[in-house]
Amino acid sequence: MSWGTELWDQFDNLEKHTQWGIDILEKYIKFVKERTEIELSYAKQLRNLAKKYQPKKNSKEEEEYRYTACKAFLSTLNEMNDYAGQHEVISENMTSNITVELARYVQELKQERKSYFHDGRKAQQHIEICWKQLESSKRRFERDCKEADRAQQYFEKMDADINVTKADVEKARQQAQARHQMAEDSKADYSSILQKFNHEQHEYYHTHIPNIFQKIQEMEERRIVRIGESMKTYAEVDRQVIPIIGKCLDEIVKAAESIDQKNDSQLVIEAYKSGFEPPGDIEFEDYTQPMKRTVSDNSLSNSRGEGKPELKFGGKSKGKLWPFIKKNKGATPEDFSNLPPEQRRKKLQQKVDELNKEIQKEMDQRDAITKMKDVYLKNPQMGDPASLDHKLTEVSQNIEKLRLEAQKFEAWLAEVEGRLPARSEQARRQSGMFDAQNPATVNNCAQDRESPDGSYTEDQSQEGEVKVLATDFDDEFDEEEPLPAIGTCKALYTFEGQNEGTISVVEGETLYVIEEDKGDGWTRIRRNEDEEGYVPTSYVEVYLDKNAKGAKTYI
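Our subject in this report is the structure included herewith.

Brief notes about the sheet that holds strand β7 (residues 540–544)
Working step 1: Here we have 5 strands laid out as an open sheet, ordered β6-β5-β4-β3-β7, and antiparallel in their pairing. Every interior strand has two partners, whereas the edge strands, β6 (531–536) and β7, have only one. Here the strands of the sheet are splayed against their neighbours by 40 degrees on average, with no regard to which way each runs.
Working step 2: The sheet contact formed by strand β5 (residues 522–528) and β6 spans 6 bridges and is antiparallel. Looking across to β6, one finds that N528 is bridged to E531.

Right, here's the structure in full:
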């Protein structure tokens, strides 16, 4: 099967077919190129998607990734980045192994095809020239033969005519002989050219054209093989990344299997545990006894102010709560005293750890400067040891400041953990608050005064100072406008507000909400103008008023 023998007369069709083959190859190159662009676009979209859902640094969202489910999601996002990377690899390999290689091959193929068909046209032109020479010699031979016949007939006519002179007859005879000689020469020339043409024609159809068409056939078959190999490469490029993509998917499955619901539940406890004990039973108060009752610490009547006179300061009834009342919304106490005990302990511990890291960092820097100074002392040409004294002093001062700061937070941490007694000022403030709320029982119930850590103040000599402090404390808020109510709430359970800043509520009681839960598990409520404080959010059912725009008046 050879194009040279089977298609010897199909030069034009072969030219069209080979051009079609190149067009098919270029179409396949365009297809692969578009596929690489799709892969790159897909990879880019996957990366953007993974980046979009990555936790923002130093945000609350980053804290959520302590939970195993969120960690698994983060692992999924990271694996999606690797997954996207494999699609980029597909694009790169297809570009380098298929698109670039085939584009180069197409240029070589075009040059080779052009060369073969140029040779074919050259052979065609040569055989056409030979054919024209043959036709020319044939016509000349035919013409000479006709003229020789006419000259012979004229001679015979002149020879038969008795009236013609002998000289005219001789002249006619010589002319006839000349014409015959010219015819013989034309015959010989025609015969020679004919033999030459037949030889050239034989070479053209049995040697030149078969050789050229055979080369074109081989070129076309190489093109077909090359496009087949490219298709295999196309599949192999995809196949090569399948194991890595499989590993990415396996890692996602592994991350999903690492989710521990019990661990996440424990983290919720650690995040929101307040450290308060659940409310205890309310003591029975016997009103049948003729004796003067002593208000129980667990009684809610005092916190509601039922029938109890209020201690007046500056003509106003005050029952301000401390330390939960915030003069400035953005201000957070340095000792985190606005948080429940357990949350406060965590914040303090975190602060202590941060300070200790900073101290260690400064100590490492001090050691490095000290070593450098020793080197300068041993080798003065390297530097002046005295030039490091200022830096060394500065680092030592920083260490001392950080240590004092750490000791301060460690003291607060120890206080929260019960290793140290509460600060006396806080105890006096609490005692002053108790006096302001219970003027009828100050003298008889001094032993009931409660300090923030649950201890009791029995020193009667401090009462005058306590009252002054309480007065000064309340005066700080004389000019404050009460916060507007943003809704109401209903107490689901009875809560005894024995700690600073809390308020007691009775199951079923309806109160006003003046501040929502900020994520610490506490809601700020108000009973009347002078009674407000915090209760656990889980103890109340809140009904927020979306349209509340101003402060309400409480009677």
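Some details on a nonpolar patch on the surface
Working step 1: A surface patch of nonpolar side chains, amounting to about 280 Å² of accessible area, comprises L49, Y53 and F73.
Working step 2: When you line up the elements, F73 lands in helix α4 (residues 68–160).
Working step 3: Judged by relative accessible area, F73 falls into the partly exposed class, the value being 36%.

Section: the side chain of R527
Working step 1: For R527, the position within the fold is in strand β5.
Working step 2: Of note is the side chain of R527, whose polar atom sits 2.7 Å from the side chain of E509.

Examining the packing of aromatic side chains
Aromatic rings in a pair are described by how distant their centres are and how their planes are angled relative to each other.
Working step 1: This structure, assessed with the given rule, holds 13 aromatic pairs.
Working step 2: Measuring from ring centre to ring centre gives 5.3 Å for W8 and Y205, while their planes differ by 90 degrees; the resulting arrangement is edge-to-face. Placement of W8 in the loop between α1 (3–6) and α2 (11–52) and of Y205 in helix α5 (residues 166–257) is noted, with a sequence separation of 197 residues between them.
Working step 3: Residue classification places W8 among the partly exposed positions, given a relative accessible area of 42%.
Working step 4: On the accessibility criterion, Y205 (31% relative accessible area) is partly exposed.
Working step 5: Summarising the aromatic geometry, the rings of Y28 and F31 are spaced 5.9 Å apart at their centres and angled 35 degrees between planes, so their arrangement reads as tilted. Within this pair, Y28 and its partner F31 are both found in helix α2, separated by 3 residues, close to a single helical turn.
Working step 6: Y28 sits in the buried class, given a relative accessible area of 9%.
Working step 7: Looking at F31, the relative accessible area reads 41%, which means it is partly exposed.
Working step 8: One aromatic cluster in this structure is built from Y493, F495, W522 and Y539.
Working step 9: Across from the ring centre of Y67, 5.6 Å away, lies the NZ or CZ of R66, which sits over that ring.
Working step 10: One cation-aromatic arrangement involves R226 over Y105; the distance from NZ or CZ to the ring centre is 4.7 Å.

Observations regarding the nonpolar core
Working step 1: In terms of nonpolar packing, the biggest core is built from 40 residues, with L25, Y28, M94, I98, F213 and I216 touching the most fellow members.
Working step 2: Residue assignment for this core shows that the elements contributing at least two residues are α2, α4 and α5.
Working step 3: It is α4 that provides the largest number of residues to this core, a total of 16 residues.
Working step 4: Every residue in contact with I216, bar those within four places of it in the chain, is listed here: W3, T18, Y116 and F117.
Working step 5: Counting residues in hydrophobic clusters, the runner-up holds 13 residues, among them A491, I525, Y534 and Y539.

Procedures and definitions
Starting afresh in each chain, residues are numbered from 1 along the sequence in its written order. Thresholds applied to this predicted model are a pLDDT of at least 70 for local features of residues and 80 or more for the giving and counting of side-chain atom pairs; totals over whole chains, interfaces and linings are not thresholded and use all residues. In computing side-chain properties, one takes all heavy atoms of the structure into account and sets aside hydrogens as well as water. DSSP calls a pair of strands paired once it identifies at least 2 bridges connecting them. Helix numbers and strand numbers start at the N terminus; a helix is a DSSP run of H or I with at least 4 residues, a strand a run of E with at least 2. The angle between two axes is taken between their N-to-C directions and runs from 0 to 180 degrees, where each axis is a line fitted to C-alpha atoms and a helix contributes only its stretch in contact. Patches draw on residues past 30% relative accessible area with no salt bridge. Two like charges within 9 Å are joined, as are two nonpolar side chains (Val, Leu, Ile, Met, Phe, Trp, Tyr) within 5 Å. Accessible surface is estimated by sampling points in the Shrake-Rupley manner with a 1.4 Å probe; for residues, cover comes only from the protein chains shown. Any carboxyl oxygen of Asp or Glu that lies within 4 Å of a side-chain nitrogen of Lys or Arg is treated as forming a salt bridge with it. With a 1.4 Å probe rolled over the protein chains alone, any residue whose accessible area is under 20% of its type maximum counts as buried; one over 50% counts as exposed, and the rest are partly exposed. Contacts described as polar in this section are N or O atom pairs within 3.5 Å, which, within protein, must combine one atom able to donate a hydrogen with one able to accept it, while residues neighboring in sequence count only if both atoms come from side chains. Only centres within 6.5 Å qualify two rings of Phe, Tyr or Trp (six-membered ring in Trp) as a pair; their planes then separate them into stacked at under 30 degrees, edge-to-face at over 60, and tilted for everything else. Counted as over-ring charges are cases with an Arg CZ or a Lys NZ within 6 Å of the ring centre that also lie within 35 degrees of the ring normal. Only buried residues count toward a nonpolar core, which is a set of Ala, Val, Leu, Ile, Met, Phe, Trp, Tyr and Cys residues joined through side-chain atoms within 4.5 Å. Throughout, a contact is declared for two residues whenever any of their heavy atoms are within 4.5 Å.

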